[in-house]
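# Understanding the architecture of this molecule
Listed below are the residues making up each chain.
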Amino acid sequence: MITVTDLHKHHGELQVIKGISLHVTKGEVDAIIGPSGGGKSTFLRCLNGLETFQQGRVEIGAHVLTPATHPNRDAATLQAVRKSVGFVFQQFNLFPHLTVLGNLIEAPVQVLDEDRESAVARARLLLDRVQLAAKADVKPSSLSGGQQQRVAIARTLMMRPEAVLFDEPTSALDPVMAQEVLAVMGDLAHDGQTMLVVTHSMAFARNVATRVHVFAGGLDVESGPPAQIFDAPAHETTREFLRHTRA
Ligand code: ADP
Ligand code: MG
């Protein structure tokens, strides 16, 4: 589903990604953990064409991004990639002037030309799935942060993405709200949604992920099944990071 080969990215002199390869199989959930500044967000942004990169290759289903991918010349490819890969950010970025339902149907109706009735029917099903069926007609500002993030997840799912990237989706939330969001993400994983999740939640990485990657200093220093990473980490970087998260 997602194959990244030897990705390199720099900002001027600063090497941010120093050669990362990673593969996410359809239906699999990969978690990325690691210290701040390690390149996690940059990596995700390269995967859906929000950032360019200088070396390597990104395959999303049948679509390929390379350093030669050009915003104008390859606009169709970039659009196809962004359609097949949903992105959930730390900040929910909901449209404040639209209702919850309005937020969900906006892109399918405007971008996919779906008819309104069918989009509304799908939106109601997804709101039910994120436990917010009763909130369809309110504005986002009347919701808690955890509820807003669940709306953002439902909005992403409206585009029927083949894979969903999450960048620290719970880091702006208190523990109770974070738990509500992680529960929804766990449900999606259980239903076979392909996901790549940058997370602070070691419980999610341990209990939900198929594979865990430890990013530090622009490298995937160690990856493997959760039991290996958490119970028998091979690298000092991983041990050091886990000591901090447990402290
Ligand atoms: P993480 O998500 O793991 O915290 P980031 O991908 O946000 O890491 O950042 C990795 C490194 O790249 C950091 O040193 C950050 O300061 C740097 N960086 C990110 N974006 C830019 C940018 N637009 N210009 C210059 N440096 C950047
Ligand atoms: Mg980040």
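Residues numbered from 1 in each chain as written. Chains lettered and ligands numbered in written order. Predicted model: local features only at pLDDT ≥ 70, side-chain atom pairs only at ≥ 80, totals over all residues. Heavy atoms only, no water.

### Regarding the sheet that holds strand 9 (residues 211-216)
Here 6 strands make up an open sheet; going across it, the order is 6-7-8-3-9-10 and the pairing mixed. Two strands bound the open sheet, and with one partner strand each, they are strand 6 (85-88) and strand 10 (219-224). With direction set aside, neighbouring strand axes in the sheet form an average angle of 20 degrees. Taken together, the 5 bridges between strand 7 (residues 163-167) and strand 8 (residues 194-198) define a ladder with parallel strand orientation. Within the sheet, the bridge partner assigned to Val164 lies in strand 8 and is Met195. Taken strand by strand, helix 9 (residues 236-246) contacts strand 3 (29-33), strand 9 and strand 10, and its axis lies near 80 degrees from that of strand 10. (Pairing = 2+ DSSP bridges. Helix = DSSP H or I, 4+ residues; strand = E, 2+ residues; numbered from the N terminus. Axes fitted to C-alpha atoms, helices over the stretch in contact; angles between N-to-C directions. Contact = heavy atoms within 4.5 Å.)

### A closer look at the pairing of strand 10
Examined bridge by bridge, strand 9 and strand 10 share 5 bridges and lie antiparallel to one another. In the sheet register, Val212 faces strand 10, and the bridge partner there is Gly224.

### A short note on the pattern of salt bridges
The tally for this structure, following the rule as stated, stands at 10 salt bridges. A salt bridge links Arg45 to Glu51; the shortest N-O distance between them is 3.1 Å. Residue class for Arg45 comes out partly exposed when judged on its relative accessible area of 30%. Asp231 is the partner of Arg206 in a salt bridge, and the nearest nitrogen-oxygen pair spans 3.0 Å. With a gap of 25 residues between them, Arg206 in helix 7 (residues 202-207) and Asp231 in helix 8 (residues 226-231) connect regions that are remote in the sequence. Connected through salt bridges with shared partners, the residues Glu236, Arg239, Glu240 and Arg243 form a single ionic network. (Salt bridge = Lys/Arg side-chain N within 4 Å of Asp/Glu carboxyl O. Buried < 20%, exposed > 50% of the residue type's maximum accessible area, 1.4 Å probe, protein only.)

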